[in-house]
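Each chain, written out:
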Amino acid sequence: MTRREAGYFVLVAAAFAVLACLPFAGQSYLLTLGVGIAMYTVLATSWALFSGPTHYISLATAAFYGIGAYVVAGGIGTLPYPALLALAGVAGAVAAALVGLATLRLSGVYFVIFTLGLAELIRQIVTWVQNNFTGSRGMYVLTDITEQGIYWQLLALAAAVYLIGWQVARSRLGFALRIIGNDEVVAAHVGIHSAAAKLALFVVCGVFAAMVGAIMAPRFTYIEPSIVFTPELSFQVVIMALLGGAHRLWGPLVGVIPFTILWELIAARFPGQTILLLGIAFLLIVYLIPNGVVGRIESALRATGRKTSHA
Amino acid sequence: MPEKTVLEVQGVSKRFGGLVAVDGLSFAVRENEVMGLIGPNGSGKTTVINLVSGALRPSEGEIYLDEDMISERPARAIARAGVARTFQLVRVLPSLTVLENVLAGAVFGHKRLWGRAARKFALRQLERVGMAHAAHAPTASLTYIDEKRIELARALASDPRILLLDEWLAGLNPTELQVGIALIRSLREEGRTIVLVEHVMDAIRSLCDRCVVMNGGAKIAEGTPQETLADREVIRAYLGEQNA
């Protein structure tokens, strides 16, 4: 670790320590917002770990999230909660590995459509199973986990995402993914196992999304497929990550904070139009700031740097 | 004593639907040799490079690197075994810096270096191709010739045993061509085996130990540049019946 990296590390650790004190502020509205921001930070950042360098747009977040939530809902009566959390992670990993093996050979738009269809497919299967075998549409998740407990868990998970993302960026794997994102033919010809590299990161993505689902399940109290497998979640994650900038580890966070706050307002004022507004937001981001806010800032900095060096 | 064969193509054919791009081709490349692969446009030269590097799989026949059959293996495995290539249509990695482009070869190829050793080795290759001054420049600022140099440096950074150059000298002006020829010669002198697809006759005459001439996917001549370029069949393939 260089001095500079050590400096960043201390700074980030301090920021997490401060954020961990949020529940003691005693304002439940702030805590609710904190849960939302922490949740989307984990989802969008882990999404960007895979999609940022490879440019494969995955809409499978809701599939993994729902799997995680259902693991907790199904096992809460029989297994201790921490075991369920771990199990949700494993389930997410297995699901991501299976999906990855089947789809990562697909390119571009085929991959997007498949991942979108996947969440829908799992949702239909779960619905069908519940209708035919369990007799009820949803499941109750009754625990004594508090809102602040959920917040701390999400915060810990966010710390884990950043730690893993930082390590990946310094590793051969991270470099391999950047090359793959540039040109898969070159990647193969310099000796990179593209499928394995993509799969590894997709699995990381699946694990985190499933664990977020597992952590959020007690908050819903009652879950049913249409809640936890909602495609809206997948789209929101993509939009937030792109808004911030998916090519930097801290990029998605820059998108998550304003978007979560804005979304709270929109969902309260215009509950019927959320999907429409989501679509408009998506179009605006893709057309106006394809590299996100962070990309904009970086190119602005580069431009002023050039100006001063010429002067 | 005959020199050791390092790369052997045995009865290789490649069909794309009804089109036969390569038709029962056989040749051998000896250690530390520069082998020219020449022929008119559309004769299947680039397809041969793609077959050797693993970008394509032969429909028939086998390709051997030493004793290992590589024709069933994926491109990444062939690269790791020590075969590096450049592309006819240059492929640089646009969002990476010049040095990172070259690092890609050093980190994942035959040599598999990491960290400081990889950077040092990559910088040395940039020096060889005369691009060390631009190491930290973005690739977007490069000219076509510089892109070609970067690509060669990337191939060299994997420390390949066999280097496949697909028209690497094409598009260079006369001065650059002399520099390019000297560079390839120096690679041969350090013990590399080189297969080059080329149209520049000066380069073929001055660099190649032997040539394989292709036409319509098949080999029509093989030998030293002097022999093959004087061959009636070869002249006919290039210039047509009345000039032969």
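Quick caveat: nothing in here was measured; it's all calculated off a predicted structure. (Residues numbered from 1 in each chain as written. Chains lettered and ligands numbered in written order. Predicted model: local features only at pLDDT ≥ 70, side-chain atom pairs only at ≥ 80, totals over all residues.)

Turning our attention to the sheet that holds strand β4 (residues 60-65) of chain B. Residues and elements named next belong to chain B. With respect to topology, four strands assemble into an open sheet ordered β2-β1-β4-β5, the strand pairing being antiparallel. At either end of the open sheet lies a strand with only one pairing partner, and these are β2 (19-30) and β5 (68-69). Sheet topology places β4 next to β5; two bridges connect them, and they run antiparallel. Within β5, the residue paired with Y64 across the bridge is M69. (Pairing = 2+ DSSP bridges. Helix = DSSP H or I, 4+ residues; strand = E, 2+ residues; numbered from the N terminus.)

As a further point, take the nonpolar core. Residues and elements named next belong to chain A. Membership of the largest hydrophobic core comes to 165 residues, with the highest contact counts inside it found for L154, V212 and A214. For this core, the element with the highest residue contribution is helix α9 (residues 194-220), accounting for 15 residues. Residues contacting V212, with those up to four places away along its chain left out, are M39, V42, L43, Y65, G68 and L157. (Core = buried A, V, L, I, M, F, W, Y, C linked by C-beta atoms within 7 Å. Buried ≥ 20, exposed ≤ 12 C-beta atoms within 10 Å, placed from the backbone. Contact = placed C-beta atoms within 7 Å.)

Let's shift gears to the interface of chain A and chain B. Taken together, the contacts link 15 residues of chain A with 19 residues of chain B. Of all the elements in the fold, those that place two or more residues in the side of chain A that touches chain B are α7 (172-182) and α8 (184-189) of chain A. Sort the elements by how many residues they give to the side of chain A that touches chain B and α7(A) lands first, with six residues. Taken together, the residues of the side of chain A that touches chain B break down into eight nonpolar, four polar and three charged. (Nonpolar A, V, L, I, M, F, W, Y, C, P; charged D, E, K, R; others polar.)

Another point: the confidence of the model for chain B. Averaged over all residues, the pLDDT of chain B equals 92, while 98% of them reach at least 70. Reported for the predicted complex are a pTM of 0.89 and an ipTM of 0.92. (pLDDT = per-residue confidence, 0-100.)

So, about the sheet that holds strand β6 (residues 83-85) of chain B. Residues and elements named next belong to chain B. Here we have six strands laid out as an open sheet, ordered β6-β7-β8-β3-β9-β10, and mixed in their pairing. Across the chains shown, the open sheet's two edge strands, defined by having one partner strand only, are β6 and β10 (218-223). Taken pair by pair, the neighbouring strands of this sheet meet at an average axis angle of 20°, ignoring direction. Both strand β7 (residues 162-166) and strand β8 (residues 193-197) contribute to a ladder of five bridges, which runs parallel. Following the sheet pairing, I162 is matched in β8 by T193. Where helix α9 (residues 232-239) meets the sheet, it contacts β9 (210-215) and β10, and its direction lies at approximately 130° from that of β10. (Axes fitted to C-alpha atoms, helices over the stretch in contact; angles between N-to-C directions.)

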